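One letter stands for each residue in the lines below.
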Amino acid sequence: MAPPAVVAGGAIPFPHHASPRFRRRKEADWRRLAATADVLIADSEATRQDFALLFGYPLERIRRVALGIEPAFRPLDAAAAAPVLARHGLGGPYLLYLGELARRKNVDRLVEGYAACAAASALPLVLAGPASFGSEALDALIARLGLRERVRRLGFVPDADLPALYGGAAAFLFATEY
């Protein structure tokens, strides 16, 4: 019996969210997994259903296991968070996106929504995460919308900084499309 494999939510790419090369590579990985795994673990019912439908894997062999929260992710007092926020050049409250800056993550739509929202005049938007496929277009969009002074790109952020970044945010934004 093969050990169980994990299917992470949002990891099953759709055509308009990924480069053709990325999509081919991931589809090959998923098909190989479907052909060899005895049991799969999915982090949501939607991922469980999607994997079964897209790759013909028996639904009864996919177990859903909910995600947990690491102990580090707890409310921090302002004094504990201040050094981390200062290191990233952050002061008052902001809106936070944390994740890969890739076209498939729909960050462009998040930026467009931010530009159209009244909150854009009050809170800066902080984009934290590594650049990836499509991030050049994101930079161009930020410039075209006149948001260079309102949108901060932090790049990769170490795990140890994440609790302070989340804690300093007025809201966490995740523009998923399904």
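Our subject is the structure that appears above.
Everything numeric in this text was worked out from a predicted model, so none of it was measured.

**Student:** Would you explain the packing of helix α1 (residues 20-36) against helix α2 (residues 45-55) in this entry?
**Tutor:** Axis separation between α1 and α2 bottoms out at 11 Å; the angle between their running directions is 90 degrees. In terms of axis orientation, α1 runs roughly perpendicular to α2. From α1, E27, W30, R31, L33 and A34 reach across to α2, where they touch F51, L54 and F55.

**Student:** Looking at this model, I keep getting lost on the nonpolar core. Mind explaining?
**Tutor:** Across soluble globular proteins, nonpolar side chains show a tendency to be buried alongside one another. Grouped together as the largest cluster of nonpolar side chains are 16 residues, with contacts concentrated most on V107, V111, L125, L127, L138, I142 and V151. Put simply, the parts of the chain that give this core at least two residues each are β4 (94-98), α4 (107-116), β5 (125-128) and α5 (135-144). With 4 residues, α4 is the single largest residue contributor to this core. Contacts of L125, omitting those with residues within four sequence positions, involve L95, L110, V111, Y114, R150, V151, R152 and L173. The next biggest cluster of nonpolar side chains, apart from the first, holds 15 residues, and it includes V84, L85, L90 and A169.

**Student:** Can you walk me through the sheet that holds β4 in this structure?
**Tutor:** Within a beta sheet, neighbouring strands are joined by backbone hydrogen bonds and run either parallel or antiparallel to one another. The 4 strands are arranged β6-β5-β4-β7 in an open sheet whose pairing can be described as parallel. Single-partner strands in this sheet number two, and they are β6 (151-155) and β7 (169-172). The average angle at which neighbouring strand axes cross in this sheet is 25 degrees, direction not considered. When β4 meets β5, the two strands line up parallel, connected through 4 bridges. Across the sheet, the residue bridging to L98 is A128, located in β5. Across the sheet, α4 touches β4, β5 and β6, and the angle it forms with β5 is around 170 degrees.

Cut-offs applied
Residues numbered from 1 in each chain as written. Predicted model: local features only at pLDDT ≥ 70, side-chain atom pairs only at ≥ 80, totals over all residues. Heavy atoms only, no water. Axes fitted to C-alpha atoms, helices over the stretch in contact; angles between N-to-C directions. Helix = DSSP H or I, 4+ residues; strand = E, 2+ residues; numbered from the N terminus. Parallel < 35°, antiparallel > 145°, perpendicular 65-115°, else oblique. Contact = heavy atoms within 4.5 Å. Core = buried A, V, L, I, M, F, W, Y, C linked by side-chain atoms within 4.5 Å. Buried < 20%, exposed > 50% of the residue type's maximum accessible area, 1.4 Å probe, protein only. Pairing = 2+ DSSP bridges.

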